[in-house]
Amino acid sequence: MTSTLDRTRTPAPVGTAAGAGHPYDTGLLVLRLALGLTMAAHGAQKLFGWFGGGGLEGTGQFFAMSGYPAGETMALIAGLSETLGGIALAVGLLTPLAGAAVLGTMINAMAVKWGGGFFAPEGVEFELLLAAGAAALTLTGPGRYAVDRLLPGLRSHGLLRGAAAVLLGVVAAGVVLLVRG
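Described in the following lines is the structure provided in the data block. These numbers were taken from a predicted model, which means no experiment stands behind them.

### Considerations on the packing of helix α5 (residues 95-113) against helix α6 (residues 125-140)
Link 1 in the chain: Between α5 and α6, the least distance of the axes is 8 Å, while the angle of their chain directions is 160°. Relative to α6, the element α5 lies roughly antiparallel. Helix-helix and strand crossings are classified by hand; for α5 and α6 the assignment is left-handed. On α6, the residues touching Thr95, Pro96, Gly99, Ala100, Val102, Leu103, Met106, Ala109, Met110 and Lys113 of α5 are Glu127, Leu128, Leu130, Ala131, Ala134, Ala135, Leu137 and Thr138.
Link 2 in the chain: When the residues that make up the contact of α5 with α6 are grouped by side-chain class, the tally is 13 nonpolar, three polar and two charged.

Here it is in structure tokens:
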């Protein structure tokens, strides 16, 4: 036997989570915070030498040794992509572009570490997980608890927009890898 409450409850709209508290949106928030703040910290290592990082000079030397021309410039680009992309993902601002920036950076990181196998510290498992998380957020959108929900034109998120952003991140990574040679 169903209660009156059960018979009058309307289903959640397609594409939204059912139930109180919006578990889907909460899960996306947790993923955005973990991934975004991790990426921002890695970017701060490159840009400022925080958290034991090499700063622009040390990271630039690493980029040059890894085959990238203009090592410090590439370190600056990677550091800005990670820091700004990470912060934007964490707060859910311009999520498709932020995800694309993180995805592109992680594709390059995987290319540099590719010969080290799968498992960390020499392998690509960490970078692959970050890339997959960035691609997932780019495709799904930030969820309800995000700055994007406050901005006209970004309130809704479509698969086409997300797929285009993933493609942008992959193409940008490919261009950088071509420059690397």
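### Let's talk about the environment of glycine 117
Link 1 in the chain: Tracing the backbone shows glycine 117 in the loop between α5 and α6.
Link 2 in the chain: Contacts of glycine 117, omitting those with residues within four sequence positions, involve Gly123 and Val124.

### Let's talk about helix α7 (residues 159-180)
Link 1 in the chain: With 22 residues, α7 ought to run about 32 Å at 1.5 Å a step, and its terminal C-alpha atoms sit 31 Å apart, in line with that.
Link 2 in the chain: Backbone geometry just after α7 places glycine 181 at a positive phi near 80°.

### Focus: α6
Link 1 in the chain: Taking 1.5 Å per residue, 16 residues should reach 22 Å; α6 reaches 22 Å between its end C-alpha atoms and fits that length.
Link 2 in the chain: Those residues of α6 that fall on the buried side of the exposure criterion are Glu127, Leu130, Ala131, Gly133, Ala134, Ala135, Leu137 and Thr138.
Link 3 in the chain: Contacts from the buried residues of α6 go to α2 (23-48), α4 (71-91), α5 and α7.
Link 4 in the chain: The positive-phi residue at the C-terminal boundary of α6 is glycine 141, with phi of around 90°.

Rules and cut-offs
Residues numbered from 1 in each chain as written. Predicted model: local features only at pLDDT ≥ 70, side-chain atom pairs only at ≥ 80, totals over all residues. Heavy atoms only, no water. Axes fitted to C-alpha atoms, helices over the stretch in contact; angles between N-to-C directions. Helix = DSSP H or I, 4+ residues; strand = E, 2+ residues; numbered from the N terminus. Parallel < 35°, antiparallel > 145°, perpendicular 65-115°, else oblique. Left-handed = near helix turned anticlockwise from the far one by under 90°. Contact = heavy atoms within 4.5 Å. Nonpolar A, V, L, I, M, F, W, Y, C, P; charged D, E, K, R; others polar. Expected span 1.5 Å × (residues − 1). Buried < 20%, exposed > 50% of the residue type's maximum accessible area, 1.4 Å probe, protein only.

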